[in-house]
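An overview of the molecular structure
Here's the letter readout for the chains.
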Amino acid sequence: MKKLFVSLLIFLAAAAPIFAATTQLTWYGHAAFKITTPAGKVILVDPWISNPLNKNAKEDLAKMEKVDLILVTHGHFDHVGDAVEIGKRTHAKLVTTFDLGNGIVRMLGYPKDQAGLETQGNFGGELSLLDGEVQVAFIPAVHSSSVTKGDESDPQPGGNPGGFLISVRGGPTIYHTGDTDLFSDMALISRYRKVTVMLACIGDHFTMGPARAAEAVRLVGPAMVVPMHFGTFPALTGTPDAFRTQLENSHVKVTVKTMTVGETIPLPNAQ
């Protein structure tokens with residue numbers, strides 16, 4: 001009986017990767033996402049949880065008791081969002097470019113000891129975080145960045161805007177574009193790491209719209225694309241339907257997943 005029990009333990013240990021949990025992605029509207037790794041680590045990106053599209057914002061914020069990392073692409077209010085409140089409550093580390101991190105700490109009050117050198121970087125660099133379970137690379141973006149407090153009457157420099165390439169060990173690689181226009185160097189991203197899921201802004205006016213976003217997908221070549229940063233304000237006229245049409249017209253073959261606010265989906269592993 002003891003030998004049978006030992007054999008069973010050995011089998012379960014060998015089979016563990018097969019039954020391992022998948023990486024989960026939750027969308028809160030606008031550009032706000034939560035990534036939950038197979039080990040249960042929680043990463044927020046541009047956590048404007050209280051954006052107008054999220055009718056359950058109070059409940060969602062109240063439930064955020066465990067967050068390990070908060071990634072912010074640039075300093076605009078609709079991307080910094082609720083980062084400071086969540087960071088103070090959960091002790092999450094802030095992951096940003098060096099200049100942006102300084103601005104968020106100095107102007108908005110993010111705890112300084114949670115924004116140290118180990119989670120601050122710059123474009124071209126990559127951080128190994130959460131005991132190596134997650135790699136975060138800094139990707140440029142064509143946009144602007146400033147940090148504002150209160151009534152936004154005195155914007156301060158927030159460094160250069162960017163996006164993130166988030167690679168989960170044994171799991172997917174996720175490219176969050178941040179706010180950006182199309183730029184040709186997007187084609188270089190997949191030379192270094194194949195993108196599993198691209199979170200692409202499509203709203204137009206302040207970022208690329210459906211046509212330019214479709215070309216961005218062609219350059220990056222992800223297995224799946226999730227449209228974001230649309231419909232929050234009247235000025236953001238780009239729609240997922242228009243985005244799909246542009247992809248089809250450009251003969252770009254990709255799985256398009258339009259998420260609903262509050263929806264959580266499992267992500268495929270790296271290609």
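Everything discussed here concerns the structure shown above.
Along each chain, residue indices are assigned from 1 in the same order as the chain's sequence is written. The predicted nature of this model means local features are confined to residues of pLDDT at least 70 and side-chain atom pairs, given and counted, to a pLDDT of 80 or more, with totals for whole chains, interfaces and linings taken over all residues. Side-chain measures were taken over the full set of non-hydrogen atoms in the model, leaving aside hydrogen atoms and water.

**Thoughts on the nonpolar core**
The criterion, for reference: In this description, a nonpolar core means a group of buried Ala, Val, Leu, Ile, Met, Phe, Trp, Tyr and Cys residues linked to one another through side-chain atoms lying within 4.5 Å. To sort residues, take the accessible area from a 1.4 Å probe on protein chains only and compare it with the maximum for the residue type: under 20% means buried, over 50% means exposed, and anything in between is partly exposed. Numbering of helices and strands runs from the N terminus, with a helix taken as a DSSP run of H or I at least four residues long and a strand as a DSSP run of E at least two residues long. Only heavy atoms enter the contact rule, under which two residues are in contact if any of them lie within 4.5 Å.
Formed by 53 residues in total, the largest nonpolar core has its most connected members in Leu25, Leu71, Val95, Tyr175, Met198, Val225 and Leu247. At 6 residues, the largest contribution of residues to this core is made by helix H7 (residues 210–220). Discounting residues that sit within four places of it in the chain, Leu247 has contacts with Ala214, Val217, Val225, Val252, Val254 and Val256. The next biggest cluster of nonpolar side chains, apart from the first, holds 23 residues, and it includes Ile49, Leu61, Ala83 and Val105.

**Details of the environment of Asn122**
Mapped onto the elements, Asn122 comes out in the loop between strand E6 (120–121) and strand E7 (126–129). Each C-alpha atom of the pair Asn122 and Thr96 lies 7.9 Å from the other, and the pair is 26 residues apart in sequence. Not counting chain neighbours up to four residues away, the residues in contact with Asn122 comprise Thr97 and Phe138.

**Description of the sheet that holds E7**
Note the cut-off: Strand pairing is assigned whenever DSSP detects at least two bridges linking the two strands. The angle between two axes is taken between their N-to-C directions and runs from 0 to 180 degrees, where each axis is a line fitted to C-alpha atoms and a helix contributes only its stretch in contact.
The 7 strands are arranged E7-E8-E11-E12-E13-E14-E15 in an open sheet whose pairing can be described as mixed. With partners counted over all chains shown, the strands left at the sheet margins are E7 and strand E15 (255–256), one partner each. Here 5 bridges tie strand E13 (residues 197–201) to strand E14 (residues 224–228), and the two strands are oriented parallel to one another. Looking at E14, one finds that Cys201 is bridged to Met228. The strands that helix H8 (residues 240–249) touches are E14 and E15; relative to E14, the one it contacts most, it runs at about 140°.

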